[in-house]
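These are the residues of each chain, in order.
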Amino acid sequence: MKGLFAWPRSRPKAPFGAAVTTGDLADVELSLALTRHCEIIAPEYEMKWRELAPSEGAYRWDASDRLVEWAREAGIACRGHTLWWHGSTPDWLTHVSPAVFAAAALAHLEAVMTRYAGRLHSWDVVNEPLAEGDDVFAGLRDTPFSRAFGAGLMREAFRRAAEIDRAGTPLVLNEMGLEYKGPEAGAKRRAMLRLLERERAAGTPIHCLGLQAHLDAADRPIAHKPLRDFLREVAALGVRLMVTELDVSDARCARDLRVRDAEVAAAYREFLDMVLDECEPVAVMTWGLSDKRTWLAEARPRADGAAVRPLPLDRDCRPKAAFRAVTRALRSKGRFRDSSP
Ligand code: G3I
């Protein structure tokens, strides 16, 4: 049985997967680990707008096609990440008007979804739309997308996506920073709930909320009541949940490997126990599978210069305590509410 070793007794409570690059596929050890442990993959960057269309009017599909085809041949599902994200727009759109940007964004969404319609597990249609706190656009981050579409951003994106991919592929609104403690994350959770309530009432086909879950092992407790309450409120709106980019930074942990690995594993277990207790996630995805390659090496390096260890497998693709924590959480008998719409 594919995914996280053989499941001796029970199917996991949610399919597990990881973000992947074509560079990973060229790494024999890592690609074997991916086929062994993952039921789903997500292109970490090669299906993004800036990578697909670095120059106007010319798409380069080779890398994302390679990932989609590799997954199909390996019997693994592939996610679509991500159609509209302010973090990956082509340079040739930097100085255009909102109207020109809007037309280009809709054309991009149509080009990518038409190419992969019916072939993908789910789509991250809009990524990280919310401001850090409240803003004039009903909580939307000030980006070329919000300046082009205003409060109609979600409606434009998700309705067009549903029109194109008529296979009913789950359409995901993916967001970062909803997991943390403190007033800013609390404001972001409230803005997200307002957005979901408003859009669901307007019939916008947002099927699933993607919780990126870029966590920090030093930021305890990971599973806190405001987050648990938020998960319940999302489920009560009839919106499914997916953990989309899970990793646990050890940048602020002690240097000792055993201590670090134990703290990272505890964070994985605490977070997933809470999520699986509150809902039945569509999937649980980590942002990379092995410490061999993680965006955190550059984004959250350790002050002591030691290699970071945020993912389930170590640099030699051997399971760590984090891997055991993930498998135990996914196999646990936790209670969960059926959050299917
Ligand atoms: O590997 C190529 C290299 O061949 C090339 O020479 C070089 C210069 O173009 O680029 C290298 O690719 C880089 C890639 O990371 C691999 O390191 C891309 O430039 C760089 O843009 C890319 O960054 C990615 C980033 O999103 C922007 O797309 C990160 O890998 C990826 O982890 C990060 O992921 C985001 C999610 O999509 C959304 N949530 C936050 C998350 C972390 O920022």
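Scroll up to find the structure.
Computed from a predicted model, the values in this text were never measured in an experiment. (Residues numbered from 1 in each chain as written. Predicted model: local features only at pLDDT ≥ 70, side-chain atom pairs only at ≥ 80, totals over all residues. Heavy atoms only, no water.)

Engineer: How do you make sense of the nonpolar core when you look at a structure like this?
Structural biologist: Considering soluble globular proteins, one finds that nonpolar side chains tend to be buried as a cluster. Core analysis: the largest hydrophobic core is formed by 92 residues, its most contacted members being W84, W123, V125, F230 and F271. In terms of residue count, the dominant contributor to this core is helix 10 (residues 257-278) (nine residues). Once residues within four sequence positions are removed from consideration, F230 is found in contact with L178, R189, M192, L193, L209 and L211. Membership of the second largest hydrophobic core comes to 10 residues, among which are A19, V172, V282 and A283. (Core = buried A, V, L, I, M, F, W, Y, C linked by side-chain atoms within 4.5 Å. Buried < 20%, exposed > 50% of the residue type's maximum accessible area, 1.4 Å probe, protein only. Helix = DSSP H or I, 4+ residues; strand = E, 2+ residues; numbered from the N terminus. Contact = heavy atoms within 4.5 Å.)

Engineer: Sorry, what's going on with the packing of aromatic side chains here?
Structural biologist: How two aromatic rings sit relative to each other is given by the distance of their centres and the angle of their planes. Overall, the coordinates contain seven aromatic pairs when judged by the stated rule. Their ring planes at 50° and their centres at 6.2 Å tell us that W49 and F145 sit as a pair that is tilted. Taken as a pair, W49 in helix 3 (residues 49-52) and F145 in helix 6 (residues 144-149) lie far apart in primary sequence, 96 residues in all. Considered together, W49 and F145 belong to a single accessibility category, that of buried residues. Between Y59 and W61, the ring centres sit 4.8 Å apart and the planes meet at 10°, which makes this aromatic pair stacked. Take W61: its relative accessible area is 15%, and that puts it in the buried class. The structure contains a cluster of three or more aromatic residues connected by ring pairs, namely W49, W84, F101, F145 and F149. (Phe/Tyr/Trp six-rings, centres within 6.5 Å; stacked < 30°, edge-to-face > 60°.)

Engineer: How should the site of the ligand be read in this particular structure?
Structural biologist: Taken together, 13 residues are adjacent to the ligand, and E44, K48, H81, E128 and E245 come closest. One nitrogen or oxygen atom from the side chain of Y45 is found 3.2 Å from an oxygen atom belonging to the ligand. One nitrogen or oxygen atom from the side chain of E128 is found 2.9 Å from a nitrogen atom belonging to the ligand. Within the shell around the ligand, the residues separate by chemical class into four nonpolar, four polar and five charged. (Near = heavy atom within 4 Å. Polar contact = N/O pair within 3.5 Å; in protein donor to acceptor, adjacent residues only side chain to side chain. Nonpolar A, V, L, I, M, F, W, Y, C, P; charged D, E, K, R; others polar.)

Engineer: Which parts of the structure should I look at to understand the packing of helix 8 (residues 183-201) against helix 9 (residues 225-236)?
Structural biologist: Angle between the axes and distance between the axes are the two parameters that describe a pair of packed helices. Contact geometry of helix 8 with helix 9 gives a least axis separation of 11 Å together with a crossing angle of 5°. Taken together, the axis directions place helix 8 and helix 9 in an arrangement best described as roughly parallel. Across from R189, M192, L193 and L196 in helix 8, the residues of helix 9 making contact are P226, F230, E233 and V234. Among the residues forming the contact of helix 8 with helix 9, the class breakdown is six nonpolar, no polar and two charged. (Axes fitted to C-alpha atoms, helices over the stretch in contact; angles between N-to-C directions. Parallel < 35°, antiparallel > 145°, perpendicular 65-115°, else oblique.)

On their own, these measurements won't tell you what the molecule is for.
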